[in-house]
Amino acid sequence: MSYMTSSEIHALPIVFAPEFGEAFRRERKAQGRTQQWVAEKAGVTRFTITQLESGQNVGLHHALAALTALGKGLSIVSVRPDYDQIKEMFRDDEGS
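Residues numbered from 1 in each chain as written. Predicted model: local features only at pLDDT ≥ 70, side-chain atom pairs only at ≥ 80, totals over all residues. Heavy atoms only, no water.

Novice: Where do I start with the nonpolar core in this structure?
Specialist: Side chains of nonpolar character tend, in soluble globular proteins, to be buried together. Of all hydrophobic cores here, the largest spans 13 residues; its most connected members are F24, V38, V44, I49, L52 and A66. Secondary-structure elements contributing two or more residues to this core are α3 (35–42), α4 (46–53) and α5 (60–69). When residues in this core are grouped by element, the largest group, four residues, is from α5. Beyond its immediate sequence surroundings of up to four residues, I49 is in contact with F24, Q35, V38, A39, V44 and A66. (Core = buried A, V, L, I, M, F, W, Y, C linked by side-chain atoms within 4.5 Å. Buried < 20%, exposed > 50% of the residue type's maximum accessible area, 1.4 Å probe, protein only. Helix = DSSP H or I, 4+ residues; strand = E, 2+ residues; numbered from the N terminus. Contact = heavy atoms within 4.5 Å.)

Novice: Looking at this model, I keep getting lost on the packing of aromatic side chains. Mind explaining?
Specialist: Describing an aromatic ring pair means giving the distance of the ring centres and the angle of the ring planes. Under the definition given, this model contains one aromatic pair. Judged by centre distance (6.4 Å) and plane angle (35°), the ring pair of F20 and F24 falls under tilted. Here the residue F20 and the residue F24 both occupy positions in helix α2 (residues 17–30), the gap between them amounting to four residues, near one helical turn. A relative accessible area of 3% means that F24 is categorised as buried. Its guanidinium or amino end placed over the ring of W37, R33 lies 3.8 Å from that ring's centre, counting from NZ or CZ. (Phe/Tyr/Trp six-rings, centres within 6.5 Å; stacked < 30°, edge-to-face > 60°. Lys NZ or Arg CZ within 6 Å of the ring centre and 35° of its normal.)

Novice: Would you explain the packing of α3 against α4 in this entry?
Specialist: A pair of packed helices can be characterised by two numbers: the angle between their axes and the separation between those axes. Their axes nearest at 8 Å, the elements α3 and α4 cross at an angle of 110°. Relative to α4, the element α3 is oriented roughly perpendicular. The element α3 and its partner α4 pack so that their crossing is right-handed. On the side of α3, the interface is formed by Q35, Q36, V38 and A39, while α4 contributes R46, I49, T50 and E53. Residue composition of the contact of α3 with α4, grouped by class: three nonpolar, three polar and two charged. (Axes fitted to C-alpha atoms, helices over the stretch in contact; angles between N-to-C directions. Parallel < 35°, antiparallel > 145°, perpendicular 65-115°, else oblique. Left-handed = near helix turned anticlockwise from the far one by under 90°. Nonpolar A, V, L, I, M, F, W, Y, C, P; charged D, E, K, R; others polar.)

Novice: Before we go on, may I ask you to explain α4 in this structure?
Specialist: Of all the positions in α4, only T48, I49, Q51, L52 and E53 are classed as buried. Residues of α4 that are buried make contact with α2, α3 and α5. At the C-terminal side of α4, G55 shows a positive phi close to 85°.

Novice: Where do I start with the pattern of salt bridges in this structure?
Specialist: When their charged atoms lie close together, side chains carrying opposite charge are able to pair. If you walk through the whole model with that rule in mind, you get three salt bridges. For E53, the salt bridge is made with R25, and the minimal N-O distance between the two is 3.4 Å. Remark: R25 occurs in helix α2 and E53 occurs in helix α4; sequence separation between them is 28 residues. The class for R25 is partly exposed, based on a relative accessible area of 28%. One salt bridge in this structure joins K72 and E27, with 3.8 Å as the shortest N-O distance. Linking K72 in the loop between α5 and α6 (83–89) with E27 in helix α2, this pair joins segments that are 45 residues apart in sequence. The exposure class assigned to E27 is partly exposed, which follows from its relative accessible area of 26%. Connected via shared salt-bridge partners are R25, R28 and E53. (Salt bridge = Lys/Arg side-chain N within 4 Å of Asp/Glu carboxyl O.)

Pasting the structure below:
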């Protein structure tokens with residue numbers, strides 16, 4: 001059975017705060033940035049970034065400021081996977 005790659009999984013909509021926090025942390029680390037650096041660029045405290053990364057409620061304006069510090073933003077997408085994503089989840093590469 002074939003499974004989605006990690007990049008395909010990360011392309012799925014994020015619908016829970018802990019998922020957002022994990023995705024944010026991955027992006028921050030991928031860019032080689034510290035929590036302190038993001039906090040300073042976003043005009044928030046390092047504690048706020050810690051809260052955001054752990055999935056706690058930090059307020060939308062803080063989350064958006066932190067995303068902007070990393071050169072990222074948000075988009076609104078359907079939470080339902082499209083047909084190609086569903087097909088890929090259940091594809092069997094072994095031809096059975």
